[in-house]
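Coordinate inspection notes
For reference, the chains in residue letters:
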Amino acid sequence: MQTHQHDGIKEFNETFGGLYGLEKRLKTNLKTGLTGDPLDLLHRKKIFGHNEIPKKSAKSFFRLMFEALQDVTLIILIICATISFGLAFYHSDRNTFEHQYERHKETNVDWIEGAAIILAVIVVIFVTAFNDWSKERQFRGLQNKIEHDQKFNLIRNNQLEQVPLKDIVVGDVCQIKYGDLLPADGVVIQSNDLKVDESSLTGESDLISKNLHKNPFLLSGTHVMEGSGKMLVIAVGEHSQTGVICRLLRTPVPKKNETTETTKPKATDDIHNDRNRDKERSILQTKLTKLAIQIGYIGMIVAVLTVLVLIARFSYEEFVIKREPWKAKYWNRFVRYLITGITVLVVAVPEGLPLAVTISLAYAVKKMMYDNNLVRHLDACETMGNATTICSDKTGTLTTNRMTVVEVYIAGKHWKNINNRNKLEEMHLSDKTKEILFEGISVNSSYTSKLILPTEKEILPKQVGNKTECGLLNFIVELDGNYEALRKTYLEESFLHVYTFNSIRKLMSTVIQRSDTIRLHMKGASEIVLQKCTKILDQEGNVIPLTKDDCNYLLHDVIEPMACDGLRTICIAYKDFHEMPNDWNDETTIFEDLTCICICGIEDPVRPEVREAIEQCKEAGITVRMITGDNVNTARSIALKCGIISPTDHFLVLDGKEFNRRIRPNRFEDVDQNLFDKIGSNLRVLARSSPQDKYLLVKHLVESKHSMTREIVAVTGDGTNDGPALKKADIGFSMGIQGTDVAKEASDIILIDDNFTSIVKAIMWGRNVTDSISKFLQFQLTVNVVALICAFVGSCIVKESPLRAVQMLWVNLIMDTLASLALATDRPTIDLLKRKPTGRNYPLITHRMAKNIVLQAIYQLSIILFLLFAGPSVFDMKDGQPGTNGYMPSEHFTMIFNSFVLMALFNEINCRKIHGELNVFRHILANKIFCTIWIVTFIVQILLVQYGSMVFSCVKLSLDEWMWCFLFGTGTLLWNQKKSDINTNGVINNAYEHSNESNVIRSSINQDLNISDDEIKNIRILWLRNITRIRMQLRVIRAFRDHIQIGMVKNANRHENPINFSII
């Protein structure tokens, strides 16, 4: 379809004869649709094409490798590897004084170091690329499965059918509704207040109203935002508007990948990419990149100092003391010093860090699929672990989303528990009342909402479409009504006008032509619809006046009790017109003087597992807020049932109107962040909210600086209008079952089962990812600090590093790579939810981690330096320090290497727990990968030492020497316990020893902050002391005020002379 708007309408009418002319040309029927004949469908596909657009080609594996290569850490590694590899092939001149030194030195394997670093880069690149490739393949596999199951509502042979997207052909009649993504180009046959978002094609954000007379063209890839209707398909696949754009851009566009029933245009894909570019970078990735650069700088400084010290020492000995003249042979020595400096730099760079990040995220994303979390953006996984607040929808997320009418006020009586068949049979209604009620519910609802009879394995009928409407349809079925027969009597195309439900109206109305009158049926929020009613049906179905007192009675004695029981209240009303109104768009006049039929209380039961999940969130320090379109009383009741609020707390429950009043200086000004901060921390429930209210709440929570750690906000959404809020939040969760296509495209994670408990599992996995990286970071930095200092001290004192290049290769590359896999594969436990979130400004290396790194490094360095300088005399072995004949492998240096590896290996067990836990062996057997890698590493170390020979610069150690090395290694476990004990009993106790209020302060800390003593700093203790004193003073003031007021009241009553008294 090449033209639309004004020129298109003109061509449509003049060339094709309008809608009915097009009907004849396409040999279809606007009412009954195509016949569904297979030969006819095949013929149409052959002539007009298939409704398929070539999917966007996946990135090649080499492209993914190139993108993985952009990591700063890998770039530093490549530079180091290139220099190291090149210098490894530099050979000493046979005529130099170093010839004898080289002849006795170990086998020249220096090139292995550079080659192995390059190999490490290749491994990291391959793992990263493979992870991205497998994730995309997994995601595409899920897309293909969803697309295979995706179907669209078509009318064929006068029957409503659900047909796969690819089987839609030109001439089909489609039934379209709110939330659909149009699968093909078409022309409007029927419009019920139909409005479409064409911003993905035009860039215009305004909704476009569609009807047959003014703007009848519907374009593929656009979203139906309001209303419903029917469409005649006139272009499919590559011949649709989306296909035209694809050909112009010469870029294939993928089919829409998550839900609905269509393909996605290139413009929409660009918007999605813009979202990724605009969204704030992953908090963890940003900090890791900064840390890698800092470590690189430190390593470079130490490497330069090492080279300078070696050159200065050599120059002083040769040119100052010996007064030797400069000779060309000295270049060889300087090159050797440069190689030593590069080795130090290589040791400093944590090459296992990107691998640990990749493995952690890949492992988590794969496992999260089994917990019903489809991660669309990888960084959302770790960001979720730091979330401080969750803004959750009610329907379907906190509740089961199966609606049932359990109470009703009708014919002047309030009936309860009508979901019980016996109670329902007691309710007797007049035939006149039933007729109006059945007609009002059957006609004034989406015709896609229906009940499907239960199968043999099911008890209740399956609800398809809008669940509130399904609950009402089930109500009339229980009253022996037949909604299908009424719908056949009043076809959609016969409707005079339709007012679709939206967040502003909070109601839906349908106007039909009856034999004797024009009737408007309305249903919607009870308090809103009831305000428009002036009459009501009595027991006989007769219309009687609805007085103001009657209205107040219904509001306070019927609607409010229903809402307080957590029921969604829907008022059903109607109005008869004796003549056609002049303007259907004059809603003020149309929506007045209605007759109330009944008020229904619809129950949507809270999921049984939700309360426990919310309690877990509270224990984890995460605030849960509920956002709903229900009234305040219903919202408060559901929040109480879920555990979001309790009867004794003082958290805020506001509706959208009051919320906007409190956060704006006046109704015409923008939101004031300071005003928002005053209520934001206490707000728990937002009722009668619009999508704009939801967006404002999320936006200002994200931007709030009221909290020291700043909020990290997660939000759920399922509707098309939830897109802005999902994009603005740090983590957006969309619903896999009820979510619209727009919501899923805007989200970071898709909840496959629409269940709040899946969010809690995502929190656990997110925290587990952060912990896994922190564990490896602590282990990696401990190894690097020890190796760095050893290389520097050894080079400066004994002219050789105690750890040879190949040995450092094993320690710094192979072992760390294995450790990244071992430490990144711990499964999350419920203990992760027993600590507070870290927030947005948390340090990557915490105070506790830094303490562990420093103290472990001190222990390991003490052992290594002890072995280096006192080892030969203590253990009765030959000193392995280089002499006049150069370096030779020895028991001395082999024992140093072996002790260092075993200390690192046992410290790996310590690093499994990074939050002060003393039992480092807890759940260790549950991680079979960790146990396997640890045992394999230990066995390989034995083989290297005993059989490594000259290649690894080792000699065989005796059993006694092995036992000493093993003792030094296990000493890291004992040292870890001792330093924890010192920290707990020493530092914190000293903080309190000068105070007589230590018991009070401890109680206040435990009660108010729920954190361990060793995490309290002096400044926080002083702050808490002041808070405690202020609280005590306020209690005294309140008691004094109450006492005085009581006395004054008694005095006033006694003398009949009231006194107005107020105090603070």
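Residues numbered from 1 in each chain as written. Predicted model: local features only at pLDDT ≥ 70, side-chain atom pairs only at ≥ 80, totals over all residues. Heavy atoms only, no water.

Per an unreviewed UniProt entry, the protein goes by the name Calcium-transporting ATPase and belongs to Adineta steineri. As stated in UniProt under Sequence similarities (unreviewed entry), the record for the protein gives "Belongs to the cation transport ATPase (P-type) (TC 3.A.3) family. Type IIB subfamily." UniProt lists a comment for the protein under the heading Function (unreviewed entry), and it reads "Catalyzes the hydrolysis of ATP coupled with the transport of calcium." (UniProt positions renumbered as here; feature names shortened; annotations may be inferred.)

When you go through the protein residue by residue, the secondary structure sums to 36 helices and 26 strands. The proportion of buried residues among the 1064 residues of the protein is 54%. (Helix = DSSP H or I, 4+ residues; strand = E, 2+ residues; numbered from the N terminus. Buried < 20%, exposed > 50% of the residue type's maximum accessible area, 1.4 Å probe, protein only.)

In this structure, Met384, Ile390, Ile644, Ile731, Phe733 and Phe756 are the most contacted members of the largest nonpolar core, which totals 107 residues. When residues of this core are assigned to their parent elements, the largest contribution, 17 residues, is made by helix α29 (residues 756-797). Residue-level mapping places this core at the junction of two domains, with at least three residues from each of domain 2 (368-398 + 608-762) and domain 4 (845-995). (Core = buried A, V, L, I, M, F, W, Y, C linked by side-chain atoms within 4.5 Å. Domains from an automatic or database assignment.)

We now examine the UniProt feature "transmembrane region" (unreviewed entry) in the protein. Cross-referencing UniProt, the feature "transmembrane region" (unreviewed entry) maps to residues 72-91, 111-130, 291-314, 334-365, 776-795, 853-872, 892-909 and 929-948 in the present numbering. Overall, residues 853-872 shows 100% helix and 0% strand. The separation of its end C-alpha atoms is 28 Å. For the annotated span residues 929-948, helix accounts for 95% and strand for 0% of the residues, and the straight-line distance between the end C-alpha atoms is 26 Å.

Here we take up empty space enclosed by the protein. This structure, assessed with the given rule, holds four cavities of 30 Å³ or more. In this structure, the second largest cavity occupies an estimated 50 Å³ of space. Lining the second largest cavity are Gln175, Ile176, Lys177, Ser228, Gly229, Ser446, Tyr447, Thr448 and Glu492. At the level of secondary structure, the elements contributing two or more residues to the lining of the second largest cavity comprise β3 (173-177) and β7 (223-235). Ranked by the residues each element gives to the lining of the second largest cavity, the list is headed by β3, at three residues. Per-class residue counts for the lining of the second largest cavity are two nonpolar, five polar and two charged. (1 Å grid on protein atoms, 1.4 Å probe; cavity = no way out; pocket = protein on both sides within 12 Å on 5 of 7 lines; lining within 4 Å. Points joined across faces, edges and corners; volume = space filled by probe spheres on them. Nonpolar A, V, L, I, M, F, W, Y, C, P; charged D, E, K, R; others polar.)

Once that is clear, we can look at the sheet that holds strand β24 (residues 713-717). Read across the sheet, eight strands follow the order β8-β26-β25-β24-β9-β21-β23-β22 without closing on themselves; strand pairing throughout is mixed. Each of the sheet's edge strands pairs with one partner strand only, and the pair in question is β8 (373-375) and β22 (652-655). Across the sheet, the mean angle from the axis of one strand to that of its neighbour is 20 degrees, orientation sign disregarded. Bridge analysis of β22 against strand β23 (residues 683-687) gives four bridges, and the strand direction is parallel. Looking at β23, one finds that leucine 654 is bridged to leucine 686. In this fold helix α26 (residues 691-703) packs onto β9 (389-393), β21 (623-627), β23 and β24, with an angle of close to 165 degrees to the strand it touches most, β24. (Pairing = 2+ DSSP bridges. Axes fitted to C-alpha atoms, helices over the stretch in contact; angles between N-to-C directions. Contact = heavy atoms within 4.5 Å.)

Here we come to the pattern of salt bridges. Tallied over the entire structure, the rule returns 35 salt bridges. Salt-bridge contacts for glutamate 658 lead to arginine 662; the nearest nitrogen and oxygen are separated by 2.9 Å. Taken together, the positions of glutamate 658 and arginine 662, both in helix α24 (residues 656-663) and four residues apart, correspond to about one turn of that helix. Note on glutamate 658: relative accessible area 22%, which makes it partly exposed. When its relative accessible area of 32% is taken as the criterion, arginine 662 is described as partly exposed. (Salt bridge = Lys/Arg side-chain N within 4 Å of Asp/Glu carboxyl O.)

Contact geometry for helix α20 (residues 548-564) and helix α23 (residues 632-642): axes closest at 7 Å, N-to-C directions at 25 degrees. The angle between α20 and α23 places the two elements in the roughly parallel class. Judged by residue contacts, Glu560, Ala563 and Cys564 of α20 engage Asn633, Thr634 and Ser637 from α23. Among the residues forming the contact of α20 with α23, the class breakdown is two nonpolar, three polar and one charged. (Parallel < 35°, antiparallel > 145°, perpendicular 65-115°, else oblique.)

Turning our eyes to something else, we now look at the packing of α24 against helix α25 (residues 673-680). For the pair α24 and α25, the least separation of the axes is 8 Å and the interaxial angle reads 130 degrees. The orientation of α24 with respect to α25, classified from their angle, is oblique. The segment α24 lies against α25, with Phe659, Arg662 and Ile663 engaging Leu675, Phe676 and Ile679. Across the contact of α24 with α25, the residue classes tally to five nonpolar, no polar and one charged.

Here we come to the packing of aromatic side chains. This structure, assessed with the given rule, holds 16 aromatic pairs. Between phenylalanine 319 and tryptophan 326, the ring centres sit 6.1 Å apart and the planes meet at 40 degrees, which makes this aromatic pair tilted. Residue classification places phenylalanine 319 among the partly exposed residues on the basis of a relative accessible area of 26%. On the accessibility criterion, tryptophan 326 (44% relative accessible area) is partly exposed. (Phe/Tyr/Trp six-rings, centres within 6.5 Å; stacked < 30°, edge-to-face > 60°.)

Another point: the pairing of strand β19 (residues 568-577). When a strand is regular, its side chains alternate between the sheet's two faces. The buried count for β19 comes to nine of 10 residues, which makes it a mostly enclosed element. Of the strand pairs in this sheet, strand β16 (residues 518-525) and β19 are connected by eight bridges, and their pairing is antiparallel. Residue pairing for β19: glycine 524 is matched across the bridge by cysteine 571. In the sheet, β19 pairs with strand β20 (residues 594-603) via seven bridges, with the strands oriented antiparallel. Of the residues in β20, the one forming a bridge with tyrosine 574 is threonine 595.

A word on the confidence of the model for the protein. The predicted coordinates ought not to be read in detail in places where the model reports low pLDDT. With 78% of its residues at a pLDDT of 70 or more, the protein shows a mean pLDDT of 79. Low pLDDT (under 50) marks residues 92-107, which in the prediction has 30 contacts with non-local residues, meaning those over four places away or in another chain. Low confidence marks residues 251-280, where pLDDT is under 50. Its contacts with residues over four positions away, or in another chain, come to 113 contacts. (pLDDT = per-residue confidence, 0-100.)

A word on α25. Listed in full, the buried residues belonging to α25 are Gln673, Phe676, Asp677, Ile679 and Gly680. In the core, the buried residues of α25 are packed alongside β21, β22, α24, β23 and α26.

On the surface, Met300, Ile301, Val304, Leu305 and Leu308 cluster together into a nonpolar patch covering about 460 Å² of accessible area. If you trace the backbone, isoleucine 301 turns up in helix α11 (residues 283-321). (Patch = residues over 30% accessible without salt bridge, like charges linked within 9 Å, V, L, I, M, F, W, Y side chains within 5 Å. Areas by Shrake-Rupley, 256 points an atom, 1.4 Å probe, with all protein chains shown as cover.)

With respect to the element layout, leucine 865 can be found in helix α31 (residues 847-874). Once residues within four sequence positions are removed from consideration, leucine 865 is found in contact with Val793 and Ala870.

On to the environment of phenylalanine 475. Position of phenylalanine 475 among the secondary structure elements: in helix α17 (residues 467-478). Along the chain, phenylalanine 475 and asparagine 419 lie 56 residues apart, while their C-alpha atoms are 8.7 Å from each other. The residues contacting phenylalanine 475, other than those within four sequence positions of it, are Val405, Val408, Ile418, Leu424, Met427, Leu437, Ile441 and Cys600.

This next bit is on the pairing of strand β25 (residues 731-735). Among the five residues that make up β25, five are buried, leaving the element largely enclosed by the rest of the structure. On β25, burial covers both faces: Ile731, Phe733 and Met735 on one face and Gly732 and Ser734 on the other are all buried. With four bridges joining them, β24 and β25 adopt parallel strand pairing. Following the sheet pairing, valine 715 is matched in β25 by glycine 732.

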